[in-house]
Amino acid sequence: GSARETDVILATTTSTNDSGLLDVLIPDFESISEFNIKPIAVGTGKALAMAERGEADVLLVHAPTAEKVLVESGVIKRRSLVMHNFFQVVGPENDPAHVAIAVSATNALKAISETDTLFISRGDDSGTHKMELALWQAAGITPKGSRYQESGQGMGATLRIASEKSAYTLTDYGTYLALKENLDLTPLLGEDRSLLNIYSVLELDGDRFNNVNSAGGKDFAEYLLSPRAQRLIETFGVDKYGEPLFILDAGTSESELVR
Amino acid sequence: MTSSVVELREVKVERDGRTVLDIQHLQLELGKTLTVIGPNGAGKSTLLRVVGLLERPTHGTVFHHGEATGDGKQDLILRRRLAVVMQRPFMRNASTWDNVATGLKFRGIGGSEAKRRVGDWLDRLGIAHLADRNARELSGGEAQRASLARGLVLEPDLLLLDEPFAALDEPTRLALHDDLRNILQKVQTATLFVTHNRIEAQTLSDELAVLMDGNVRQAGSSYDVFYRPNSEEVATFVGMENIFSAHIIEQSGGLAAARVGRAEITLVGSWQQGDYVLLGLRPETVQIEPVKGEHTRLGSTNRLQGRITAIMPFGGQARVIINCGFPLVSIVTQQSLMAMRATPGMSVLATFQTAALHIIDRSRQRVTLTPTSRPDTSKP
Amino acid sequence: MTSSVVELREVKVERDGRTVLDIQHLQLELGKTLTVIGPNGAGKSTLLRVVGLLERPTHGTVFHHGEATGDGKQDLILRRRLAVVMQRPFMRNASTWDNVATGLKFRGIGGSEAKRRVGDWLDRLGIAHLADRNARELSGGEAQRASLARGLVLEPDLLLLDEPFAALDEPTRLALHDDLRNILQKVQTATLFVTHNRIEAQTLSDELAVLMDGNVRQAGSSYDVFYRPNSEEVATFVGMENIFSAHIIEQSGGLAAARVGRAEITLVGSWQQGDYVLLGLRPETVQIEPVKGEHTRLGSTNRLQGRITAIMPFGGQARVIINCGFPLVSIVTQQSLMAMRATPGMSVLATFQTAALHIIDRSRQRVTLTPTSRPDTSKP
Amino acid sequence: MELIWNGIVQAFKLIFHLDSELMNILWVTIRVSGTATLVSLLLGVPLGALLGTWRFPGRSAALSIIHTGMGAPPVVVGLFVMIMLWRSGPLGGLNFLYTPWAMILAQTIIAFPIITGFSMAAVAQIDPQLRQQLLGLGASRIQALRAVVQEARLPLLTAIMAGFGGAISEVGAVMMVGGNIKGETRVLTTATVLESGKGEFGTAIALSVILLLLVFGVIVGLTVLQQRNRIT
Amino acid sequence: MELIWNGIVQAFKLIFHLDSELMNILWVTIRVSGTATLVSLLLGVPLGALLGTWRFPGRSAALSIIHTGMGAPPVVVGLFVMIMLWRSGPLGGLNFLYTPWAMILAQTIIAFPIITGFSMAAVAQIDPQLRQQLLGLGASRIQALRAVVQEARLPLLTAIMAGFGGAISEVGAVMMVGGNIKGETRVLTTATVLESGKGEFGTAIALSVILLLLVFGVIVGLTVLQQRNRIT
Ligand SMILES: Nc1ncnc2c1ncn2[C@@H]1O[C@H](COP(=O)(O)OP(=O)(O)OP(=O)(O)O)[C@@H](O)[C@H]1O
Ligand SMILES: Nc1ncnc2c1ncn2[C@@H]1O[C@H](COP(=O)(O)OP(=O)(O)OP(=O)(O)O)[C@@H](O)[C@H]1O
Ligand SMILES: [Mg+2]
Ligand SMILES: [Mg+2]
């Protein structure tokens, strides 16, 4: 286990890892590349903190606002969109807040805050959590009180808590699909522009750090954007869930998506 | 019938398939003390544990106060009426006072009553000044005193003592003998007492049992066992070091002449000519004197000529081995040795009273120990 | 100078601020055996541990073979030349054989050599049949034999034995005395031997030290200590139960008449009229006889009239307490008691030889034990 | 390294400011782990003492199970407890999931075999003859057991420390069954994981330091107790 | 409940099919935890024996630190080890992070105090006079220590079991410093967490069962060893 020039540390979010996508992409990459990817699944916050300290070589994350801060500070040399899907508001089937008929995500949150129903927040500074906070802000609500609980855990555990407590929560679509069999939760709201969940690959600036393997990071980032990888992403999930988990974004700019 | 405190019937203890204890019958009465002696590994401590209900026998039954034991709940009540002082003083990691109070505490006796009794016994055993010391730090003898106090403080109906004086200094031991005998006589206790000390064995009780290889080989008064042993093994064990077989050659009145090896001796009793008798003789009853004068037959004193083969110190005295055709051991004072200028190789006369010869009568062998059915063993 | 194996100089051991050992000087030579006696808690085991380098004294220095000890590395080499047999037989949780072989293993002695030596000692101590048994399952005496074998198998230059026979049965004990004395004389070992048994103390060695409260109270030949004790405490401890102060009233030739209480006795020696002397008398030298005849003064036999206050069994004999103005203890045979029909309250004459009176000379008190500078103590 | 130093400084700041969130976390931690340790103690010490003194057929199998329990991964315990406590699970009716009760249950399952196993080892080391001597002085079986346990108090205290340590230091199970819900079931370990996951390494280290201080405090307390009881 | 049953069935299926991924995980688990236990043993038993027999000033402070180590949360250990092993950290040069070495290091730090603490307790329970007797038979200090350790082999074995259990069952630290990389640093516990996070409860339970079986196997092995050595 000594230093290997070929080792590339990929810091990624738990949800990407849990979906199983990396189990498909990494072996494929390694079969055509001299580099060896070490995927470290951590919270988004930790992934970004690792980047800041040069403890990773490349990142695959979904927290656009926080990512941009790193780009601006120069830690990240290049940020490219890889894929996206949508966050979902899920909740109990009887839907006491009538989220299913809400016109927008902000309206849905307002409705939830006005009924006597629990909302479980991840509260872990993850991409999903940041999105949720942004939505609350847009709705003009400061969530607090006993009906707003922070799980401080990953998406899977948070969904499980919401299910057990018949509560609403915001989730990424992939994780929900993977777990829904064992959950008493119904997808109530998605496909809203405001619920876009964008995954980007971030290459570290090798000049700023001593030990960062920027060549390996670059190689992997380019692979993700290559048609070969995009084809794999495009079909990922179809065999298991009957629908793809992600929508391709290679070459797209963020502004195009949001519009 | 007298009140039997303990009765053992056909009790056997096996360990790893070996029988370490095999008692046909044994009975212990209130107010009596039974002393058990026997070689190392004979099963004495095992007997004590069985009687004390600390170990279930493999076969047979132990009765306490007439009731068969073996039921856990009932046994506790019975165990509360006895006290065991084990061979090794196992102390709790606590003060000496607490250790001595242990049994009282188990019985729920505390307060001033406990204070009085514990204080009393610590005093009697000369360890009052050690009351506050951790019992694990006591010297060998101090620990044994604490262990003894721990048992005696319970004033039980049945007292089981396993060599309780082995580590005590002699003055203390002597004082305790007197003390204990007095106490045991007063407080109507049945006592089972294991010892290796011959003087102790004869001092503390009248009843004695010799245990060997798990069996009671002889039982009776201490005089009986020490002066009328019923087998060679018992005789040797109780200190009759000289044992020889004699062939009666002549009978005359109450005396008989017999041949031992090439020598001739006189013994008391009526025999048939040609009889073989087994004789025992304690070394301390054999004296030595220079060879001189006539050899008289059929006298009250036997005189055997022999040659000293070894002289060994024995306390303030000496053990002398004389070869009279067969080896004869004699214990004499250093003074008499000096007076004779005795040295190995020297020819001497070994002398002993005819009355000192004990006949070892194998027909008296018996294995049960029931005080009431004991043969009459009145002292001379 | 002879080769001193051990020398202690101004050694003190303190525990919890209490001095438990305080030895001015003590020396032990090759081929000699020093026996240490003393009451429980006197510091005997502590002395043994200090000599065995198992415990560092608080003050003073222990020399082994002329070298000062205290250096860890050097001490190991010295410890490998000695063997300690502790008071309690602490056994490893292993077979008896392994336990006895322990010390050999520490010294790297294995194979056939170990087999031979261990087998030999197991045999000598009569525990060969227990070789494969877990030593934790041995009976008290069996364990002590194993413990003894474990030390003796090392054939050390210095042998430290702490009451090694306390749990042994008497025949084994006797046999071992003879065995051990022979071995120790042959194999040029220095031995320190702690015992409570008075006979043992006189049997195993000539040199004796009495330890009390951590101090050597008397040292010398065993005859010296047992028959010429230098203080009341030592006298009592070695069995001179009768101690009294006498006031010389008349001197005539080599004999003197002295008053003890209201009685008058004769003693040997030259004294000034008016002198006070402290006298010791062993109970076994005091006889009793019925009151009759004249009372002769200045004879070789002292006769004191008194009244029996108590009769207690003592082994096969009896201890009789006679009040002659002061209490006098006598040990007599059961036979003589019976012959006299002695009972408490009866008036008797207590008789003892003038030669049996020992003068307790406090001026001979000394605290160092150096064999070479020992006063001449040739036996009578 | 600087990170660690800053974390320590932050730890003391948090403590001295009596940060209310921290105080809540501390309180939940102590309540949950303390209760779990106590329950494990009350069940484990007697059971261990019994296993240590009483020979019966199947004893060695029982010991192997206890020992396996000592090595049972908290995540596994958490997983099983969670499945049991699910609304659809057999104990769903208790409504324990995501409450401190669930955490106490999980930590008890973790600490109990540790305390039992070591109580067993501690008591088995006491000379069986001491127990016999105690019975010979009139002890009931329970009194003898209690006295033997008292003799083994030194290693038993170590067992208690290990049990408490195992309970308080555990994170996988309490995370699963407690849910790490802020203000309700968040304890020091889960908070540490959360902060570390957020990349807030400073806060994570501060929480770690506080946790270590708490453990150290409890252990010093128990040690003092043990020293004081050495010579009764 | 049905979930658990299915998990058990799946566990045996995985085992009998010699599933290659499972075999790899098993191998890493055994290698990492075995090495960590071994290292802890080699360091902890002598140190514990020394602490158990040798009284010196500051001993009780040393003990408190060891005991705190016994209760040190794996996540805390993981956090500190991670920071140390970071590229920017003091031991970054070793390039241990996200390799089995890092996991061995973390598990050793976890198992070492457990084994040391219990070795200490086990050895301290042996009568000090036995040690004196051994010295009096010519033992060097090291020989005496070894013999005393041998006397305490029963509780020591329990200590080893606990140390191994602590190492193999730990997840927080190995997750952090190992990274749970498939085929490299994925062990049974991290795989269980992963599968449970993915919602694959069946697989998670299967892995749990396999882990428990592994622990049980090792413990039964050690127990048999202990029984056989009872009377040497
Ligand atoms: N840790 C301790 N603190 C205080 N006193 C102690 C300690 N250990 C031993 N002692 C005392 O030291 C004294 C000497 O003990 P030692 O064992 O040497 O006596 P001993 O002469 O061998 O007695 P015994 O004949 O009973 O074996 C005893 O009074 C004992 O109680
Ligand atoms: N677990 C065991 N397995 C086999 N034999 C045993 C076991 N425990 C004790 N023994 C044997 O049982 C016999 C009787 O032991 P016990 O302790 O009763 O003897 P004892 O008469 O008290 O001897 P001592 O005078 O030496 O104290 C001994 O030979 C002993 O070795
Ligand atoms: Mg015995
Ligand atoms: Mg002693």
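Please refer to the structure placed before this passage.
So, here's what we can say about the structure. A quick note: this is a predicted structure, and the numbers were derived from the prediction, not measured.

This brings us to the overall build of chain A. From N to C terminus, chain A includes twelve helices and ten strands. Here chain A has a C-alpha radius of gyration of 19 Å; the compact-globule value for 259 residues is 18 Å, and the two agree. Along the first, second and third principal axes, the C-alpha set of chain A runs to 55 × 40 × 40 Å. When the 259 residues of chain A are sorted by exposure, 60% land in the buried category. For chain A, the proportion of contacts with a sequence separation of at least 24, taken over those separated by at least 6, is 77%. As presented, chain A carries roughly 10,100 Å² of accessible surface, and 48% of it is formed by carbon and sulfur atoms.

The subject of this paragraph is the coordination of the magnesium ion (ligand 4). Residues and elements named next belong to chain C. The coordination sphere of the magnesium ion (ligand 4), as far as protein atoms go, consists of Ser45 (OG) and Gln87 (OE1), spread over 1.9 to 2.2 Å. Taken together, the residues span a long stretch of sequence, with serine 45 in helix H1 (residues 44–51) and glutamine 87 in the loop between strand E6 (82–85) and helix H3 (96–106) at a distance of 42 residues. The class of serine 45 is buried, set by a relative accessible area of 19%. Look at glutamine 87 and you get buried, because its relative accessible area is 17%.

Helix length check: helix H5 (residues 140–152) of chain C, at 13 residues, gives a terminal C-alpha distance of 19 Å against a target of 18 Å (1.5 Å per residue), a fit within 8%. Of all 13 residues in H5 of chain C, twelve are buried; the element is thus mostly enclosed. In the core, the buried residues of H5 of chain C are packed alongside E6, H3, helix H4 (111–124), strand E7 (158–162) and helix H6 (170–186) of chain C together with helix H6 (128–135) of chain E.

Attention shifts here to the environment of valine 171 of chain E. Mapping valine 171 of chain E onto the fold places it in the loop between helix H8 (153–169) and helix H9 (172–178). Looking at valine 171 of chain E, the relative accessible area reads 10%, which means it is buried. Between the alpha carbons of valine 171 of chain E and threonine 185 of chain E there is a distance of 12 Å; along the sequence they are 14 residues apart. Sequence-distant contacts of valine 171 of chain E, that is, excluding residues within four places in its chain, are made with Val75 of chain D together with Thr189, Thr190 and Val193 of chain E.

A negative phi angle characterises most non-glycine residues, just as the trans form characterises most peptide bonds. One non-glycine residue, histidine 65 of chain C, lies in the positive phi region at around 50 degrees. The class of histidine 65 of chain C is partly exposed, set by a relative accessible area of 25%. One non-glycine residue with positive phi stands out, namely tyrosine 98 of chain E, at about 65 degrees. With a relative accessible area of 1%, tyrosine 98 of chain E lands in the buried category.

This part covers the site of ligand 2. Around ligand 2, the structure places 20 residues, and the nearest of them are Thr46 of chain B together with Arg133, Ser139, Gly141 and Glu142 of chain C. Near ligand 2, the surrounding residues belong to chains B and C. Contacts to ligand 2 include serine 45 of chain B, whose side-chain N or O atom sits 2.6 Å from an oxygen atom. Computed on the free molecule, ligand 2 has an accessible area of 650 Å², of which 93% lies beneath the protein chains in the complex. A class-by-class count of the residues in the shell around ligand 2 yields two nonpolar, ten polar and eight charged.

What follows is about the site of ligand 1. Taken together, 20 residues lie near ligand 1, and Arg133, Ser139, Gly141 and Glu142 of chain B together with Thr46 of chain C sit nearest. Surrounding ligand 1 is a set of residues that belongs to chains B and C. Looking at the shell around ligand 1, the elements that each hand over two or more residues are helix H5 (140–152) of chain B together with strand E2 (18–29) and H1 of chain C. Considering only residue class, the shell around ligand 1 consists of two nonpolar, ten polar and eight charged.

Glancing now at the sheet that holds strand E4 (residues 59–64) of chain B. Think of a sheet as strands paired side by side through backbone hydrogen bonds, with each pair either parallel or antiparallel. Residue and element names in this part refer to chain B. Within the open sheet, the four strands sit side by side as E2-E1-E4-E5. Their pairing is antiparallel. Each of the sheet's edge strands pairs with one partner strand only, and the pair in question is strand E2 (18–29) and strand E5 (67–68). Two strands pair when backbone bridges link them, and E4 and E5 are joined in this way by two bridges, in the antiparallel orientation. Note on E5: the bridge partner recorded for phenylalanine 63 is alanine 68. Running at roughly 125 degrees to strand E1 (residues 4–15), helix H1 (residues 44–51) makes contact with E1, E2 and E4 of the sheet.

Glancing now at the relation of the copies chain E and chain D. Mapping chain E onto chain D leaves a residual RMSD of 0.1 Å; the transformation is a rotation of 180 degrees accompanied by 0.0 Å of translation along its axis. On this basis, the relationship between the two copies can be described by a two-fold rotation axis. Of all interface residues in chain E, 100% are interface residues in chain D too; the two copies therefore contact each other through one and the same surface.

Many authors give the size of an interface as the accessible area that is lost as the parts come together. Residue-level contacts link 20 residues of chain E with 27 residues of chain C. Across the chain E to chain C interface the summed buried area is about 2,100 Å²; carbon plus sulfur atoms make up 51%. Considering only the surface of chain E that becomes buried against chain C, Gln132, Gln133 and Leu137 of chain E emerge as the three largest contributors, covering 29% of it. Scanning the region where chain E abuts chain C turns up one salt bridge. Between arginine 136 of chain C and glutamate 151 of chain E there is a salt bridge, with the nearest N and O atoms lying 2.8 Å from each other. Applying the counting criterion to the chain E and chain C interface returns twelve residue pairs in polar contact (both at pLDDT 80 or more).

Another aspect to go through is the pairing of strand E6 (residues 82–85) of chain B. All names here are of chain B. Neither face of E6 is exposed, since Leu82 and Val84 on one face and Ala83 and Val85 on the opposite face are all buried. Sheet topology places E6 next to strand E7 (residues 158–162); four bridges connect them, and they run parallel. Following the sheet pairing, alanine 83 is matched in E7 by leucine 159.

Attention shifts here to the interface of chain E and chain D. With 59 residues of chain E at the interface, the matching set in chain D holds 59 residues. A buried area of about 4,800 Å², summed over both sides, lies between chain E and chain D, and 80% of it is on carbon and sulfur atoms. Counting across the chain E and chain D interface gives zero salt bridges. Taken together, the connections running from chain E to chain D amount to zero residue pairs in polar contact (both at pLDDT 80 or more). Those elements giving two or more residues to the side of chain E that touches chain D turn out to be helix H1 (2–16), helix H3 (59–70), helix H4 (74–85), helix H5 (100–124), H8, helix H10 (188–197) and helix H11 (201–228) of chain E. Here the side of chain E that touches chain D takes twelve residues from H11 of chain E, the largest share from any one element. In terms of residue class, the side of chain E that touches chain D is built from 40 nonpolar, 16 polar and three charged.

Calculation notes
- Residues numbered from 1 in each chain as written.
- Chains lettered and ligands numbered in written order.
- Predicted model: local features only at pLDDT ≥ 70, side-chain atom pairs only at ≥ 80, totals over all residues.
- Heavy atoms only, no water.
- Helix = DSSP H or I, 4+ residues; strand = E, 2+ residues; numbered from the N terminus.
- Rg over C-alpha atoms; globule rule 2.2 N^0.38 Å.
- Buried < 20%, exposed > 50% of the residue type's maximum accessible area, 1.4 Å probe, protein only.
- Contact = heavy atoms within 4.5 Å.
- Areas by Shrake-Rupley, 256 points an atom, 1.4 Å probe, with all protein chains shown as cover.
- Donors = N, O, S within 2.8 Å, 3.2 Å for Na, K, Ca; no water.
- Expected span 1.5 Å × (residues − 1).
- Near = heavy atom within 4 Å.
- Polar contact = N/O pair within 3.5 Å; in protein donor to acceptor, adjacent residues only side chain to side chain.
- Nonpolar A, V, L, I, M, F, W, Y, C, P; charged D, E, K, R; others polar.
- Pairing = 2+ DSSP bridges.
- Axes fitted to C-alpha atoms, helices over the stretch in contact; angles between N-to-C directions.
- Least-squares fit on C-alpha atoms with pLDDT ≥ 70 in both.
- Buried area = accessible area lost by both parts, 1.4 Å probe.
- Salt bridge = Lys/Arg side-chain N within 4 Å of Asp/Glu carboxyl O.

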